[in-house]
Amino acid sequence: MSLEKLGVSRRSLVIAAAAVATVISLGLGANAALNKISGDAKQAVSSIGGQAAGIEAAKPSRIALVIGNSRYPDANAPLVQPINDARALTAALRRDGFEVDVVEDANKEDLRRAVDRLTSKVRRDSVVMLFYGGYGMQAGRESYMIPVDATIWKESDVRRHGTSIESVLGALKDRGARASLVVLDAARRNPYERRFRTYSHGLSPIDAPQNALILSSATPGKVVVDSRTENSMLVGELLKNMSTQGLGAEQIFTRTRIAVSRNSDGQQVPTVSSSLIEEIRLGAVEKAGS
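Anyway, here's the lowdown on the structure attached to this text. (Residues numbered from 1 in each chain as written. Predicted model: local features only at pLDDT ≥ 70, side-chain atom pairs only at ≥ 80, totals over all residues. Heavy atoms only, no water.)

Focus on the overall build of the chain
This is how the line gets drawn: Under the DSSP-based scheme used, a helix requires at least four consecutive residues in state H or I and a strand at least two consecutive residues in state E, with every element numbered from the N terminus. In what follows, residue pairs with any heavy atoms lying within 4.5 Å of each other are defined as contacts. In short, Shrake-Rupley with a 1.4 Å probe defines the accessible areas, and a residue's cover is counted only from the protein chains shown.
Scanning the chain from N- to C-terminus turns up 8 helices and 9 strands. Relative to all contacts within the chain whose residues are 6 or more apart in sequence, the contacts with residues 24 or more apart total 74%. By element, 53% of the accessible surface of the chain is carried by carbon and sulfur atoms, the whole surface being about 15,600 Å².

The structure is reproduced here in structure tokens:
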């Protein structure tokens, strides 16, 4: 059938073909424009994301491990204060910008994993806080955190089941932490001592390695009798001083030591050991590099 019989001229076909080509061209141009806009948007989002990541990376790292051990099968009754202390300190540290890993009633494996998690997060700019409340013991001139599932009959069992504070400090130093802050509320008369022919009370002296600050609830070789308050005297005073603006960590620890000594009429005298080479602030107002 001829085009003439259909009433369609060659000129009409040329015009129609041109129109179709224009539509197709316009469609392709729109897609290309959309693709370009989409690509630009992706680049902008990527740029913003990269800037945000850079800002996040520039923030000083502040990490903490808080351990409260209460329920020891060998004890006559659970300890009341360590769990309360751990929870209260966790809340305070989080308000001050710390990323906190809190562990309650930790067994031997829990302690090991918690310490591993802590050390794996350490960067060169990290301020690290370790709090331990529970039973502590000394063996071989080292002080140990005792897990709730420890079976202790002799001094070698302390080393086998416990976690050495000195070893944790050494690991933080090896990882290059900017500063290590340790609070030990563990100088209690422990339930294992009756099994020893000879034993030492409390904790041994802990020498602060480089860039470390240590607050212990009692002088070496001394034990503390728990009060009936919700929080231990040490943690209660520590929390008060942490809420005071403008104080450095060393000032906070020292003020805590003095307050506990005064409030106990000298019956409990905490110790502070420091090798910090710069001022470290605990408040949320700390700026990068300060």
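What about the packing of helix 7 (residues 233-242) against helix 8 (residues 249-263)?
Quick reminder of the rule: Every axis corresponds to a line fitted to the C-alpha atoms, with the helix fit spanning only the stretch in contact, and the corresponding angles, defined between N-to-C directions, vary from 0 to 180 degrees. Roughly parallel refers to an angle under 35 degrees, roughly antiparallel to one over 145, roughly perpendicular to one between 65 and 115, and oblique to any angle outside these ranges. Each crossing gets its handedness from the near helix: less than a right angle anticlockwise from the far helix is left-handed, clockwise is right-handed. Charged residues are taken to be Asp, Glu, Lys and Arg, nonpolar residues to be Ala, Val, Leu, Ile, Met, Phe, Trp, Tyr, Cys and Pro, and polar residues to be all remaining types, Gly included.
Orientation of helix 7 relative to helix 8, taken along the N-to-C sense of each, is 135°, at an axis distance of 9 Å. Relative to helix 8, the element helix 7 is oriented oblique. By crossing handedness, the relation of helix 7 to helix 8 is classed as right-handed. Facing helix 7, whose interface residues are Met-233, Leu-234, Glu-237, Leu-238, Asn-241 and Met-242, helix 8 presents Ile-252, Phe-253, Arg-255, Thr-256, Ala-259, Val-260 and Asn-263. Grouping the amino acids of the contact of helix 7 with helix 8 by side-chain chemistry returns 8 nonpolar, 3 polar and 2 charged.

Observations regarding the sheet that holds strand 4 (residues 136-139)
Inclusion rule: Two strands are said to pair when DSSP picks up at least two bridges between them.
Spatial ordering of the open sheet is given by 4-5-6, a layout of 3 strands whose pairing is antiparallel. The strands lining the two open edges of the sheet, one partner per strand, are strand 4 and strand 6 (163-164).

Section: the side chain of Asn-190
The cut-off we apply is this: Under the scheme applied here, a residue whose accessible area is under 20% of the maximum for its type counts as buried, over 50% as exposed, and between as partly exposed, the area being computed with a 1.4 Å probe on protein chains only. Whenever two N or O atoms come within 3.5 Å, that pair is a polar contact, provided that in protein one can donate a hydrogen and the other can accept it, and provided that, for residues adjacent in sequence, both atoms are side-chain atoms.
Within the secondary structure, Asn-190 sits in the loop between strand 7 (179-185) and strand 8 (212-216). For Asn-190, a relative accessible area of 7% puts it in the buried group. Separated by 2.9 Å, the side chain of Asn-190 and the backbone nitrogen of Tyr-192 make a polar contact. Excluding residues that lie within four positions of it along the chain, Asn-190 makes contacts with Tyr-135, Gly-136 and Met-137.

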